[in-house]
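Take a look at the letters that make up each chain.
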Amino acid sequence: MSKRILTVVSILMVISFAISACAPAAPAAEAPATEAGKVQVFSWWTGGGEAAGLEAMIKVFNAKYPNIEFVNEAVAGGAGTNARAVLATRLQAGDPPDSWQGHAGQELIGTYVAAGQIQPLNDLYEANGWLAVMPETLIPLISKDGNIYSVPVNIHRANVMWYNPAVLAANNVAVPTTMEEWFTALETLKAAGVETPLALGEQWTAMHLFETVLLGTMGPEKYNGLWDGTTAWDGPEVTESIANYAKLLTYTNSDATSLTWQDASQLVINGDAAFNVMGDWAEGYFKELGKTPETDFGWAPVPGSVGSFQFLSDSFTLATDAPNPDGVKAWLTVCGSKEGQDAFNPVKGSIPARSDGDKSLYDVYLQSAMADWASNTVVGSLTHGVVANDSWKNEINTALGLYLGTLDGATLQAALTTACAAQGPCK
Ligand code: GAL
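Residues numbered from 1 in each chain as written. Predicted model: local features only at pLDDT ≥ 70, side-chain atom pairs only at ≥ 80, totals over all residues. Heavy atoms only, no water.

This part takes up the sheet that holds strand S12 (residues 308–312). The sheet built from four strands is open, its strands ordered S14-S7-S12-S15 with mixed pairing. The strands lining the two open edges of the sheet, one partner per strand, are strand S14 (351–352) and strand S15 (377–380). In the sheet, S12 pairs with S15 via four bridges, with the strands oriented parallel. Among the inter-strand pairings, serine 308 is bridged to a residue of S15, identified as threonine 377. (Pairing = 2+ DSSP bridges. Helix = DSSP H or I, 4+ residues; strand = E, 2+ residues; numbered from the N terminus.)

Right, here's the structure in full:
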């Protein structure tokens, strides 16, 4: 470089330093507030506490980016069963929303990243300093080859057993912590005439129950082994899990297939059922119904899974062909911010993905989830995208669907074994 150029460069540097020293503290880490146009955000948060959580985050977005129109493209249906089908069709047709909800883990990496449908966000992570505040365990689940592909907004817990304290008390039933205690409790409740000892909903909620029973029966190490090929699907742990599952199903409502997750958890709140296994979005729903934790509903880890936190994380993406990438970066900036997460999660019934959330904003249940997230053994959810990619999960879902009709455990176990060999790590 010539001396003259060097001098010019140094003068420019001095000027820019001077400007930045005088300028009001600009939110350097944030996307500029000048973007315009609209940003379409696709999710399945349409009701039951979920929509309210999303609305709270949209409010933060609207205040920060008044020039960008937020287009809420939510499609109803718990766990994204309908939304994900609609999304797949749109992606296939080359008509992606700007940003969509995807689960950290295999759902994201094995589906959207594998198909080249979403863009890396490393620049946004750097600009916002997110690597310092997002859990280390989460980053590999949203990364491939050094690229980070989504912004997690929360941590949800899957292995929660919700219960109606009054129903248990009226029948002298203590909160069970082991599978054996759970069966005894269910039997006592059934004998006492409680109509639905264990509430269940449509098929994805049956898979949700199944994954928690796998964990509760075999413990976290063996459970993790199912997803990396070190625990055999045709082994005794899975046999025992299926037997436990079969037994649990005998205490469930006969109209399960026609109930949404909200319907099933409402049975507990209404006192028509004693227990329901559901992720902690149920807490957001209970609170939307005006219910009080510990009084109107209680919770405990699914029996057998005390000390394990079966997690999932909702995250948002930037579509490869996003119509408005700057608008998405603005949205994602809110998703990753402390303000956005602390607005969203207390309503949604989840804890912030960031480690610096303001604990005082979270209720007694969520504070207990924060403590468990920090101290428990963390394992991933099947139903909500962490441990298996879509094709493997779909095979498991098909096998489980058949089983719910036949209750033929041996056939289920054989199908699960085949699924791991065909789609999973047992190849
Ligand atoms: C999960 C999602 C949660 C909640 C739940 C029920 O897959 O991660 O945030 O929406 O489905 O719909």
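So, about the packing of aromatic side chains. For the coordinates displayed, the defined rule picks out 25 aromatic pairs. Taken together, the aromatic side chains of Trp45, Phe61, Tyr65, Phe70, Phe316, Trp331 and Phe344 make up a single cluster linked through ring pairs. A cation sits over an aromatic face here: lysine 247 above phenylalanine 183, 4.5 Å from the ring centre. (Phe/Tyr/Trp six-rings, centres within 6.5 Å; stacked < 30°, edge-to-face > 60°. Lys NZ or Arg CZ within 6 Å of the ring centre and 35° of its normal.)

Let us look at a negative patch on the surface. Judged by side-chain charge, Glu195, Asp255, Asp263 and Asp272 come together as a negatively charged surface patch. Within the secondary structure, aspartate 263 is located in helix H10 (residues 261–269). Judged by relative accessible area, aspartate 263 falls into the partly exposed class, the value being 31%. (Patch = residues over 30% accessible without salt bridge, like charges linked within 9 Å, V, L, I, M, F, W, Y side chains within 5 Å. Areas by Shrake-Rupley, 256 points an atom, 1.4 Å probe, with all protein chains shown as cover. Salt bridge = Lys/Arg side-chain N within 4 Å of Asp/Glu carboxyl O. Lys, Arg positive; Asp, Glu negative; His and termini not counted. Charge placed at Lys NZ, Arg CZ, Asp CG, Glu CD. Buried < 20%, exposed > 50% of the residue type's maximum accessible area, 1.4 Å probe, protein only.)

Glancing now at the pattern of salt bridges. For the coordinates displayed, the defined rule picks out 13 salt bridges. Linking aspartate 390 and arginine 84 is a salt bridge whose minimum nitrogen-to-oxygen distance equals 2.5 Å. With aspartate 390 in helix H15 (residues 390–406) and arginine 84 in helix H3 (residues 81–92), this pair connects stretches of sequence that are 306 residues apart. Neither aspartate 390 nor arginine 84 differs from the other in exposure class; each is buried. Residues participating in the shared-partner salt-bridge network are Glu73, Arg90 and Asp95.

Another point: the nonpolar core. Counting 125 residues, the largest nonpolar core has Trp182, Trp227, Phe275 and Trp331 as its most contacted members. Looking at which domains feed residues into this core, each of domain 1 (6–155 + 314–370) and domain 2 (160–310 + 382–423) supplies at least three. The contact partners of tryptophan 331, leaving out residues within four places of it in the chain, are Val41, Leu54, Met57, Phe61, Phe70, Ser99 and Phe316. Among the nonpolar cores identified, the runner-up in size contains six residues, and Leu259, Ala264, Leu267 and Val268 belong to it. (Core = buried A, V, L, I, M, F, W, Y, C linked by side-chain atoms within 4.5 Å. Domains from an automatic or database assignment. Contact = heavy atoms within 4.5 Å.)

Along the chain, glutamate 288 falls in helix H11 (residues 281–288). Glutamate 288 sits in the partly exposed class, given a relative accessible area of 45%. Separated by eleven residues in the primary sequence, glutamate 288 and valine 277 have C-alpha atoms spaced 19 Å apart. If we ignore the near neighbours within four places in the chain, the residues touching glutamate 288 are Gly48, Gly49 and Ala52. One polar contact links the side chain of glutamate 288 to the main-chain amide nitrogen of glycine 49, over a distance of 3.1 Å. (Polar contact = N/O pair within 3.5 Å; in protein donor to acceptor, adjacent residues only side chain to side chain.)

Let us now look at the site of the ligand. Surrounding the ligand, one finds 13 residues, the nearest of these being Glu50, His103, Asp314, Lys348 and His384. The contact in question runs from an oxygen atom of the ligand to an N or O atom on the side chain of tryptophan 44, over 3.1 Å. Note that an oxygen atom of the ligand is positioned 2.7 Å from one of the side-chain N or O atoms of histidine 103. When the free accessible area of the ligand is taken as 300 Å², the share hidden by the protein chains comes to 100%. In a pocket analysis with a 2 Å cut-off to the grid points, the ligand is assigned to the largest cavity. Of the residues assigned to the shell around the ligand, the class counts are six nonpolar, four polar and three charged. Mapping the shell around the ligand onto the domain boundaries places at least three of its residues in each of domain 1 (6–155 + 314–370) and domain 2 (160–310 + 382–423). (Near = heavy atom within 4 Å. 1 Å grid on protein atoms, 1.4 Å probe; cavity = no way out; pocket = protein on both sides within 12 Å on 5 of 7 lines; lining within 4 Å. Sits in = over half its atoms within 2 Å of the grid points. Nonpolar A, V, L, I, M, F, W, Y, C, P; charged D, E, K, R; others polar.)

Here we take up empty space enclosed by the protein. In total, this model carries one cavity of 30 Å³ or more according to the counting rule given. Lining of the largest cavity is provided by 15 residues; of these, Trp44, Glu50, Ala79, Trp281 and His384 occupy positions nearest its centre. When grouped by side-chain class, the residues that make up the lining of the largest cavity number seven nonpolar, five polar and three charged. Among the domains, domain 1 (6–155 + 314–370) and domain 2 (160–310 + 382–423) are the pair contributing at least three residues each to the lining of the largest cavity. (Points joined across faces, edges and corners; volume = space filled by probe spheres on them.)

Attention shifts here to the packing of helix H8 (residues 203–228) against H15. Following both chains from N to C, one finds H8 and H15 inclined at 115°, their axes separated by 11 Å at the closest point. Here H8 and H15 pass one another in a crossing that is right-handed. Between H8, through Gln203, Ala206, Met207, Phe210, Leu226 and Trp227, and H15, the contact on the second element is made entirely by Trp392, Lys393, Ile396, Asn397, Leu400, Gly401 and Leu404. Its residues assigned to classes, the contact of H8 with H15 shows nine nonpolar, three polar and one charged. (Axes fitted to C-alpha atoms, helices over the stretch in contact; angles between N-to-C directions. Left-handed = near helix turned anticlockwise from the far one by under 90°.)

Everything listed here is a matter of coordinates, which is why it stays silent on function.
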